[in-house]
Amino acid sequence: MTAIVDDIMGTAFSTKSLVSGDQVTVQLIGCLDLETAPLLRRFLTQLAREVDAGGLLEFEFDLEHLYLLSSSAISHFAIWLKTLRASKRVRQVKFRTNPNLAWQRRSLDALWRLAQPMLTVE
Amino acid sequence: VPILDPTWGASFSVTAAFRGRAPLLPGVRMLVSDLCSQCLEHLEETALLVMAVQELTENLVKYSEGGDDLLRFELCILQGQPMARICTRNRVSSEHRGAAIELVSRIVAAADANALYDEMVASSGERDGSRLGLIRVRAEAGLALSYSVESDRLNIAATGPVRAKARER
């Protein structure tokens, strides 16, 4: 059974997901700040449910069009990664950064240190 | 020879009741980004300062008790060195003052800011709110933090050197 992912369709922040088998690629588009971080939390909760159901085991987040990542969003990602790590089901989580937005790698360092080797940052 | 214009710099300040007014944030970010892009050499520094202002302003939106909160952003020359300085001032209720001061002083005093940041990221979900904003300003943006308390007001300052965009003379 293929997992179904409901994307966020906000104006300041949205997602665009492509599911292939037990893998999903998610484009994060816009700004993740205090106002939009709750949307991310809801989205990640949805993905965690799919992990529990065995529908999704690999995640790739494409940050090419992500222009802000505030601490609220980092916290939601940290909680989500801890959940995945505890489940021991997920094969890989990958953040693909935009090389023109060097801050992205720096901002993801703490999450990488938290969740490697499950998490990779490119 | 590139030299620093002695009039280099820019600043703005906003006095407002920030509590609950998250829609102010994009405008603040845009202003910081515009000023930095005119004054700073590297986009990376601009991005870090935008992040730092975002985090400090989010704290005002989330935790201020209201009233005349202050946000001030400066690019200025201090002792001959181009610097960025971000200052906030907000009221803290007596109920939350102790916890707020404890968190701020812990972050300011940490010998290894990155280690404390890792520790706080690892304990995400074990407290209300992320509480990561201030440590991120210190660990990720590399700004020095200081604070003071005046009656029911908490003042926070984040300061660090920047590379000025020099003008050809």
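Residues numbered from 1 in each chain as written. Chains lettered and ligands numbered in written order. Predicted model: local features only at pLDDT ≥ 70, side-chain atom pairs only at ≥ 80, totals over all residues. Heavy atoms only, no water.

Student: How would you summarise the overall build of chain A if you had to cite specific residues and measurements?
Tutor: When helices and strands are tallied, chain A shows three helices and six strands. The order of α-helices and β-strands along chain A, N terminus first, is β-β-α-β-β-α-β-α-β. What you see for chain A is a C-alpha radius of gyration of 13 Å, in line with the 14 Å of a compact globule of 122 residues. Overall, the C-alpha framework of chain A stretches about 35 × 30 × 25 Å when taken along its three principal axes. Scored against the burial criterion, the 122 residues of chain A give a buried share of 55%. Partitioning the contacts of chain A with sequence separation of at least 6, the portion at a separation of at least 24 is 70%. (Helix = DSSP H or I, 4+ residues; strand = E, 2+ residues; numbered from the N terminus. Rg over C-alpha atoms; globule rule 2.2 N^0.38 Å. Buried < 20%, exposed > 50% of the residue type's maximum accessible area, 1.4 Å probe, protein only. Contact = heavy atoms within 4.5 Å.)

Student: Could you give an account of the packing of aromatic side chains, naming the residues involved and the relevant values?
Tutor: Residue and element names in this part refer to chain B. Inspection of every chain in the model, using the stated rule, returns six aromatic pairs over all chains. For the ring pair F12 and F73, a centre distance of 5.9 Å and an interplane angle of 35° mean the geometry is tilted. Residue F12 is located in strand β2 (residues 10-16), and its partner F73 is located in strand β3 (residues 69-78); the two are separated by 61 residues in the primary sequence. The class for F12 is buried, based on a relative accessible area of 10%. Residue classification places F73 among the buried residues on the basis of a relative accessible area of 0%. (Phe/Tyr/Trp six-rings, centres within 6.5 Å; stacked < 30°, edge-to-face > 60°.)

Student: Tell me what's going on with the packing of helix α3 (residues 103-115) of chain A against helix α4 (residues 113-122) of chain B, and back it up with residues and numbers.
Tutor: At a closest axis distance of 10 Å, the pairing of α3(A) and α4(B) adopts a crossing angle of 65°. Looking at the two axes, α3(A) sits roughly perpendicular to α4(B). The element α3(A) and its partner α4(B) pack so that their crossing is right-handed. Taking contact as the criterion, the partners of A:A110, A:L111, A:R113 and A:L114 in α3(A) are, on α4(B), B:N114, B:Y117, B:D118, B:V121 and B:A122. (Axes fitted to C-alpha atoms, helices over the stretch in contact; angles between N-to-C directions. Parallel < 35°, antiparallel > 145°, perpendicular 65-115°, else oblique. Left-handed = near helix turned anticlockwise from the far one by under 90°.)

Student: Any chance you could break down the pairing of strand β3 (residues 58-62) of chain A for me, citing the residues and the numbers?
Tutor: All names here are of chain A. The buried fraction of β3 amounts to five of the five residues, a majority that puts the element mostly inside the structure. Neither face of β3 is open: one carries E58, E60 and D62, the other F59 and F61, and all of them are buried. In this structure, strand β2 (residues 23-32) lies alongside β3, joined through five bridges in parallel fashion. The partner of Q27 across the bridge, within β3, is D62. Assessed by its sense of winding, the connection that carries the chain from β2 through helix α1 (residues 37-52) to β3 is right-handed. (Pairing = 2+ DSSP bridges. Right-handed = clockwise from strand over helix to strand, strands pointing away.)

Student: Describe the interface of chain B and chain A, with residues and values.
Tutor: In this complex, chain B contributes 26 residues to the contact, which on the side of chain A involves 22 residues. The contact between chain B and chain A buries some 1,900 Å² in all, and 56% of this surface belongs to carbon and sulfur atoms. The largest per-residue losses of area from chain B upon contact with chain A belong to B:E44, B:V121 and B:E140, which jointly make up 22% of the total buried on that side. A salt bridge links A:D33 to B:R29, with the shortest nitrogen-to-oxygen separation between them at 3.2 Å. Going through the elements one at a time, α1 (25-39), α2 (43-63), α4 and α5 (133-139) of chain B are the ones with two or more residues in the side of chain B that touches chain A. Looking at the side of chain B that touches chain A, its residues break down into ten nonpolar, seven polar and nine charged. (Buried area = accessible area lost by both parts, 1.4 Å probe. Salt bridge = Lys/Arg side-chain N within 4 Å of Asp/Glu carboxyl O. Nonpolar A, V, L, I, M, F, W, Y, C, P; charged D, E, K, R; others polar.)

Student: Before we move on, could you go through the pairing of β2(A) and cite the residues and values that matter?
Tutor: Residue and element names in this part refer to chain A. As paired strands, strand β1 (residues 13-20) and β2 are joined by eight bridges and run antiparallel to one another. Across the sheet, residue V19 finds its bridge partner in β2, namely V24. The antiparallel hairpin formed by β1 and β2 contains two residues in its connecting segment, where G21 sits at a positive phi of about 60°.

Student: So what's going on with unusual backbone geometry? Residues and values would help.
Tutor: Glycine aside, the phi torsion of most residues is negative, and most peptide linkages are trans. Put simply, A:Q116 and A:P117 share a cis peptide bond, and its omega is 10°. Counting through the fold element by element, A:P117 comes out in the loop between α3 and β6 (119-121). The phi dihedral of B:Q79 is positive, around 50°, even though this residue is not glycine. Following the sequence through the fold, B:Q79 ends up in the loop between β3 and β4 (81-91). Positive phi, normally seen in glycine, also occurs at B:S151, with a value near 55°. Relative to the helices and strands, B:S151 resides in the loop between β5 (144-150) and β6 (153-161).

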